[in-house]
Amino acid sequence: MRIEDLWQTIYRACFYRGGPILMSALAGVDQALWDIKGQFYGAPIYELLGGACREKLKVYSWIGGDRPSDIVKAAEEKVAQGFSAVKMNATEELHYIDSYDKIDAATARLAALRERFGNALEVAVDFHGRVHKSMAKILAKELEPYRPMFIEEPVLAENLEALREIAGSVATPIATGERMFSRWDFKQVLASCYVDILQPDLSHAGGISEVKKIASMAECYDVAVAPHCPLGPIALAACVQVDVCTPNVFIQEQSLGIHYNQGNDILDYLSDPTVFVYQNGFISVPKGSGLGITVNEEKVRELAQKGHSWKNPVWRNFDGTIAEW
């Protein structure tokens, strides 16, 4: 029941704090504790966090894959599935200074979506930290006329000072935060005033407790939140609980059909896979206690025996140097 005290103990009782490993472990504990507390009181987690502040929650889905292709067809499929917003990777690997052909290809993809859907389809473009500052400035400016919903991780989290130049040259909203793991990581991001959207991941940034605090910090700076969630339905359920009671959340990422998970029915993790319904660009909000889902424990145990085979891709530039993925 003492979630805050447990969180503080786990975090502060370590001399070395933060980072993706420790904060992901803490996130898992935190999400489980909130689920237990919700079950105990017979209420959704968002009711314990102040109650709902919205009637519905907008979502977006991925298209195009790591090396974006077949963008229009993929977008048509997502619209047919009930989405009105999508996100795609901007480009393949880019060297520190690279070819304008890649820039032209990136803009052509976004232009094709605008030609097919007009402004009715909202399109976010993820630079994925794979674009260095010199090319990110060019790419952001070239994409701007096609009105992306936002550009994500224009540069790596460790190069955030470069956002000053990008933010000063384009009006497109800038999003970042999936590789930040606590409110202390986000503190300097907000103080710099270059970012319009924070994207903490509830499974890596300390869980429900921490992301709710990060979102409140962002609200003080008039900054929106769009939680990062390229994971499964349990992670999505945690995000939705925070989203429902957080006014500056404007959209939620979800991983149904994401390119690196195709062929795996991630909804098998749930006893009731119909708990999430997508319609007219919005997602249904679970009404059950805690996270609002029931985990199919037998399926989880089965999958745990198999492990997973996902590994970070290793890309190289045209000259053989390691590229950012």
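See above for the structure.
Conventions adopted
Residues numbered from 1 in each chain as written. Predicted model: local features only at pLDDT ≥ 70, side-chain atom pairs only at ≥ 80, totals over all residues. Heavy atoms only, no water. Helix = DSSP H or I, 4+ residues; strand = E, 2+ residues; numbered from the N terminus. Buried < 20%, exposed > 50% of the residue type's maximum accessible area, 1.4 Å probe, protein only. Contact = heavy atoms within 4.5 Å. Salt bridge = Lys/Arg side-chain N within 4 Å of Asp/Glu carboxyl O. Disulfide = S-S within 2.5 Å. Core = buried A, V, L, I, M, F, W, Y, C linked by side-chain atoms within 4.5 Å. Arc of directions from axis to C-beta. Phe/Tyr/Trp six-rings, centres within 6.5 Å; stacked < 30°, edge-to-face > 60°. Lys NZ or Arg CZ within 6 Å of the ring centre and 35° of its normal. Patch = residues over 30% accessible without salt bridge, like charges linked within 9 Å, V, L, I, M, F, W, Y side chains within 5 Å. Areas by Shrake-Rupley, 256 points an atom, 1.4 Å probe, with all protein chains shown as cover.

## Focus on the overall build of the protein
From N to C terminus, the protein includes 11 helices and 12 strands. Its C-alpha atoms put the protein at 60 × 45 × 40 Å along the principal axes. For the protein, the proportion of its 325 residues judged to be buried stands at 53%. A separation of at least 24 residues holds for 73% of the contacts in the protein among residues at least 6 apart in sequence.

## A word on the pattern of salt bridges
If the charged atoms of two oppositely charged side chains come close together, the side chains can form a pair. As enumerated under the stated definition, the model contains 17 salt bridges in all. Two residues, R179 and E153, come together in a salt bridge whose shortest N-O distance is 2.9 Å. Within this pair, whereas R179 is found in the loop between β5 (174-176) and α8 (183-192), its partner E153 is found in the loop between β4 (151-152) and α7 (163-169), the two being separated by 26 residues in sequence. Accessibility expressed as a relative area gives 0% for E153, which makes it buried. A salt bridge links E297 to R301; the nearest nitrogen and oxygen atoms lie 3.4 Å apart. Pair noted here: E297 and R301 are both in helix α11 (residues 297-306), with a separation of 4 residues, about one helical turn. Look at E297 and you get partly exposed, because its relative accessible area is 47%. Shared partners join several salt bridges into a network, and the residues in it are R67, E92 and E93.

## Regarding the state of the cysteines
Across all of its chains, the model carries 0 disulfides by this definition. Lacking any disulfide linkage, C239 is separated from the closest cysteine sulfur, that of C229, by 4.1 Å.

## A few points about the nonpolar core
Counting residues in hydrophobic clusters, the biggest one holds 73 residues, and the most contacted among them are F127, I166, L198 and F276. Those residues in contact with I166, other than ones at most four positions away along the chain, are A136, K137, A140, I151, P154, V155 and I174. Core analysis: the second largest hydrophobic core is formed by 10 residues, A175, I197, A224 and A226 among them.

## Thoughts on helix α1 (residues 3-12)
Note on helix geometry: an α-helix contains 3.6 residues per turn, so any two residues three or four positions apart are oriented the same way. Taken together, the buried positions of α1 are occupied by I3, W7, Q8 and Y11. End-on, the buried residues of α1 take up no more than an arc of 130°, which puts them together on one face. Where α1 is buried, its residues meet α2 (19-41), α8 and α9 (207-220).

## Focus: the environment of A105
Here A105 is to be found in helix α5 (residues 100-117). The exposure class assigned to A105 is partly exposed, which follows from its relative accessible area of 32%. Taking the C-alpha atoms as reference, A105 lies 9.9 Å from E92; in sequence the two are 13 residues apart.

## Some points on the packing of aromatic side chains
For any pair of aromatic rings, the description consists of the separation of the ring centres together with the inter-plane angle of the planes. Summed over all chains, the structure comprises 7 aromatic pairs. Residues W7 and Y11 carry aromatic rings whose centres are separated by 5.2 Å and whose planes lie at 20° to one another, so their mutual orientation is stacked. Pair noted here: W7 and Y11 are both in helix α1, with a separation of 4 residues, about one helical turn. For W7, a relative accessible area of 2% gives the class buried. On the accessibility criterion, Y11 (9% relative accessible area) is buried. Ring geometry for Y60 and F150: centres 6.2 Å apart, planes at 70°, overall edge-to-face. Of the two residues, Y60 sits in strand β1 (residues 57-62) while F150 sits in the loop between α6 (133-143) and β4, which places them 90 residues apart along the sequence. For the pair Y60 and F150, one class covers both residues: buried. Above the face of the W315 ring, R67 is positioned so that its terminal group lies 4.3 Å from the ring centre. We note K213 situated over the ring of W7; from NZ or CZ to the ring centre the distance is 5.8 Å.

## A word on a nonpolar patch on the surface
On the surface, M1, I36, F40, Y41 and L48 cluster together into a nonpolar patch covering about 530 Å² of accessible area. Sorting elements by how many residues they give to the nonpolar patch places α2 first, with 3 residues. Here I36 is to be found in helix α2.

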